[in-house]
Amino acid sequence: MSDSFDYYHQYIEPRVDWLWKQNKHLEAFALESAYFEHLLNEVNQAHQALVELVVCDAGFEFHCKRFVDGRRPDKPLGDLARYFESYCTIKDLCGDVNFFVSLRNNAVHGLMKK
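Residues numbered from 1 in each chain as written. Predicted model: local features only at pLDDT ≥ 70, side-chain atom pairs only at ≥ 80, totals over all residues. Heavy atoms only, no water.

Parts of the model with low pLDDT should not have their predicted coordinates read in detail. Per-residue confidence for the protein gives a mean pLDDT of 84, with 86% of residues at or over 70. Least confident of the elements in the protein is helix 3 (residues 64-68), whose mean pLDDT is 59; most confident is helix 5 (residues 91-113), at 90. (pLDDT = per-residue confidence, 0-100. Helix = DSSP H or I, 4+ residues; strand = E, 2+ residues; numbered from the N terminus.)

Okay, structure coming up:
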């Protein structure tokens with residue numbers, strides 16, 4: 001997962017900064033949104049791998065991927081956020097994730113109506 005952060009700081013963040021300075025706020029928001037979705041998917045996959053490791057280490061056979069189906073790359077951001085909220089115990093973080101999902105949905109759907 002640290003590779004994702006390195007990639008963000010090396011490639012995504014400078015591009016977002018450049019877009020913002022060029023008054024291309026929508027493009028900057030879209031790029032941040034895509035990265036956030038990717039990161040949330042990675043966090044969920046890491047959680048599933050950890051669950052599988054712990055359960056299998058206890059002597060049970062369990063395939064979290066089949067149970068949750070959270071590794072599908074086409075899962076909507078709202079589904080990724082709901083899955084994240086199911087195991088995250090930091091309520092403020094869950095609130096921030098849900099706020100961003102709502103903001104993104106309102107922005108995208110608002111643009112599509114025009």
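Picking up after the structure, the text goes on.
Our focus in this paragraph is the pattern of salt bridges. Counted according to the given criterion, the structure contains one salt bridge. Among the salt bridges present, the one from Asp79 reaches Arg82, with a minimum N-O distance of 2.4 Å. A residue pair is termed a helical-turn pair when its members lie 3 or 4 positions apart in one helix, as Asp79 and Arg82 do in helix 4 (residues 77-87) at three residues. For Asp79, a relative accessible area of 27% corresponds to the partly exposed category. By relative accessible area, which is 53% here, Arg82 ends up exposed. (Salt bridge = Lys/Arg side-chain N within 4 Å of Asp/Glu carboxyl O. Buried < 20%, exposed > 50% of the residue type's maximum accessible area, 1.4 Å probe, protein only.)

Turning our attention to the packing of helix 2 (residues 25-57) against helix 5. One can describe the packing of helix 2 onto helix 5 by two numbers: an axis separation of 11 Å at closest approach and a directional angle of 135°. Between helix 2 and helix 5, the interaxial angle falls into the category oblique. When you trace helix 2 past helix 5, the crossing you get is left-handed. Contacts between helix 2 and helix 5 involve Leu26, Phe29, Ser33, Phe36, Glu37 and Leu40 from the first element and Val97, Phe100, Leu103, Arg104, Ala107 and Leu111 from the second. Looking at side-chain class alone, the contact of helix 2 with helix 5 contains nine nonpolar, one polar and two charged residues. (Axes fitted to C-alpha atoms, helices over the stretch in contact; angles between N-to-C directions. Parallel < 35°, antiparallel > 145°, perpendicular 65-115°, else oblique. Left-handed = near helix turned anticlockwise from the far one by under 90°. Contact = heavy atoms within 4.5 Å. Nonpolar A, V, L, I, M, F, W, Y, C, P; charged D, E, K, R; others polar.)

Taken together, the side chains of Leu50, Leu53 and Val54 make up a nonpolar region of the molecular surface, amounting to roughly 300 Å² of accessible area. On the secondary structure map, Leu50 appears in helix 2. (Patch = residues over 30% accessible without salt bridge, like charges linked within 9 Å, V, L, I, M, F, W, Y side chains within 5 Å. Areas by Shrake-Rupley, 256 points an atom, 1.4 Å probe, with all protein chains shown as cover.)

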